[in-house]
Amino acid sequence: MILVIDCGNSMIKLGLFNCNELKETYSIKTDRNKSSDEYAIIIQSLIKVNSLEGSIISSVVPSLTLLLKEAIKKIFNLNSLIISKSLKTGIPIKIDNPSELGADMLSGAIGAYNKFKEPCLVCDLGTATKIYVVDKNGSFIGGIITSGLGISLKTLVDSTSLLIEVPLIAPSHVIGKNTKDSIQSGIVLGHTYMINGFANKIEKELGYKVKRIVTGGYSSSVINGLHDFIYEKNVVLEGLLEIYKRNSYEK
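Worth saying up front: this structure is predicted, and the values here are computed from it rather than measured.

K.L.:
Please set out the packing of helix α4 (residues 149-158) against helix α5 (residues 179-206) residue by residue, giving values where relevant.
P.N.:
At a closest axis distance of 10 Å, the pairing of α4 and α5 adopts a crossing angle of 150°. The orientation of α4 relative to α5 falls into the category roughly antiparallel. Note on packing geometry: the crossing formed by α4 with α5 is right-handed. Contacts from L149, S152, L153 and L156 of α4 reach α5 at I183, I187, V188 and H191. Along the lines of polarity and charge, the residues of the contact of α4 with α5 split into six nonpolar, two polar and no charged.

K.L.:
Tell me about the packing of helix α1 (residues 36-46) against helix α2 (residues 62-76), and name the residues and values.
P.N.:
In the contact formed by α1 and α2, the axes pass within 8 Å of each other and the chain directions differ by 55°. When the axis of α1 is compared with that of α2, the two are oblique. The interaxial crossing formed by α1 with α2 has right-handed handedness. Between α1 and α2, the residues in contact are S36, D37, Y39, A40, I43 and Q44 and L64, L67, L68, E70, A71, I72, K74 and I75, respectively. A class-by-class count of the residues in the contact of α1 with α2 yields nine nonpolar, two polar and three charged.

K.L.:
An account of the nonpolar core is needed here, citing residue identities and associated values.
P.N.:
Core analysis: the largest hydrophobic core is formed by 29 residues, its most contacted members being V4, I56, I83, I91 and F140. Every element with two or more residues in this core is listed here: β1 (2-7), α3 (103-116), β6 (120-125), β7 (128-134) and α7 (235-247). Once residues lying within four places of it in the same chain are set aside, the contact partners of F140 are I91, P92, I93, K94, I95, L101, M105, A109, Y132 and V133. Core analysis: the second largest hydrophobic core is formed by 23 residues, L121, L149, V188 and L226 among them.

K.L.:
Let's hear about a nonpolar patch on the surface: which residues, and what values?
P.N.:
Where nonpolar side chains cluster on the molecular surface, the patch consists of V174, I175 and Y193 and spans about 330 Å² of accessible area. Checked against the element boundaries, Y193 lands in helix α5.

K.L.:
Tell me about α3, and name the residues and values.
P.N.:
In this model, α3 (14 residues) spans 20 Å end to end at C-alpha, consistent with the 20 Å of a helix rising 1.5 Å per residue. Among the 14 residues of α3, eleven are classified as buried, and the element is accordingly described as predominantly covered. Of all the residues in α3, the buried ones are A103, D104, M105, L106, S107, G108, A109, I110, G111, A112 and F116. Once α3 ends, the next one or two residues include K117, with phi positive near 55°.

K.L.:
Residues and numbers for the pairing of strand β2 (residues 11-18), please.
P.N.:
Looking along a regular strand, one sees side chains alternate from face to face of the sheet. Two strands pair when backbone bridges link them, and β1 and β2 are joined in this way by six bridges, in the antiparallel orientation. Residue pairing across strands places V4 opposite G15, the latter belonging to β2. Hairpin remark: β1 followed by β2, antiparallel, with three residues in the connecting loop. The antiparallel pairing of β2 with strand β3 (residues 21-29) creates a hairpin that spans two residues between the two strands, and C19 there sits at a positive phi of about 60°.

K.L.:
Give me the lowdown on the sheet that holds strand β9 (residues 211-215), citing residues and values where you can.
P.N.:
As summarised here, the arrangement of the five strands in space is β8-β7-β6-β9-β10, forming an open sheet in which the pairing is mixed. In this open sheet, the two edge strands, each paired with only one partner strand, are β8 (140-147) and β10 (229-231). Within this sheet the neighbouring strands show an average axis-to-axis angle of 20°, counted without direction. Note that β6 and β7 share six bridges and pair antiparallel. Paired with D124 across the strands is K130, a residue of β7. Along the sheet, α5 contacts β6, β7, β8, β9 and β10; its crossing angle with β7, the most-contacted strand, is approximately 20°.

K.L.:
Describe the sheet that holds β3, with residues and values.
P.N.:
Within the open sheet, the five strands sit side by side as β3-β2-β1-β4-β5. Their pairing is mixed. Looking at the sheet topology across the chains shown, the edges are occupied by β3 and β5 (81-82). Across two bridges, the pairing between strand β4 (residues 54-59) and β5 is parallel. Residue pairing across strands places I56 opposite L81, the latter belonging to β5. On the sheet, α2 packs against β1, β2, β4 and β5 and is oriented at approximately 165° with respect to β4.

Rules used throughout
Residues numbered from 1 in each chain as written. Predicted model: local features only at pLDDT ≥ 70, side-chain atom pairs only at ≥ 80, totals over all residues. Heavy atoms only, no water. Axes fitted to C-alpha atoms, helices over the stretch in contact; angles between N-to-C directions. Helix = DSSP H or I, 4+ residues; strand = E, 2+ residues; numbered from the N terminus. Parallel < 35°, antiparallel > 145°, perpendicular 65-115°, else oblique. Left-handed = near helix turned anticlockwise from the far one by under 90°. Contact = heavy atoms within 4.5 Å. Nonpolar A, V, L, I, M, F, W, Y, C, P; charged D, E, K, R; others polar. Core = buried A, V, L, I, M, F, W, Y, C linked by side-chain atoms within 4.5 Å. Buried < 20%, exposed > 50% of the residue type's maximum accessible area, 1.4 Å probe, protein only. Patch = residues over 30% accessible without salt bridge, like charges linked within 9 Å, V, L, I, M, F, W, Y side chains within 5 Å. Areas by Shrake-Rupley, 256 points an atom, 1.4 Å probe, with all protein chains shown as cover. Salt bridge = Lys/Arg side-chain N within 4 Å of Asp/Glu carboxyl O. Expected span 1.5 Å × (residues − 1). Pairing = 2+ DSSP bridges.

Structure (structure tokens):
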């Protein structure tokens, strides 16, 4: 069994693979105040196996990266790989400063390209909304980062006196007839149109079509309004497994 961990700003996602098959997934709320012992207790309560062959961690929360590695060491006596520029990925990174690339974006790109073997665009809807591209040569060439749906709603409500929290679902009409529908139109439909627009502009800039993939916790809010996108819930976890297999000798 291989354990893969994707530590994001809001959630920590774990996947347990047997060979190439994803057997179980788990989610833990990201808490920067927890210790490695506390995370070890939580993870041990979720994962009902006695031993692992290996583990790999992708993290965009630097303060938790080593804590999670320590937690896995305490449970399984195992040294986890940590996503970094020193690992073999099998994918050229064609951006200005490859060391700036987020571990989650790298893992998602590898998961998508490894699965479909064609140029692809991945839209990951989490705390931030990230859209990134692997071209026809299999190179990571860049992307877009903007505020996620949850942050956009919270900022709007916190910055105004009369607006309210609303469910992040698409309204039936663009023109809102009340405050709730108007906010949902602006936040949810606005996000949907933005993603579709970026996808079209990206294809125009590349000069060819790409496989359009959506993933992340807010996918359900926008998926019905996206054009030609397919939902791939575990593409980041699958990318982590692929990186692990390329670097497992470094455990």
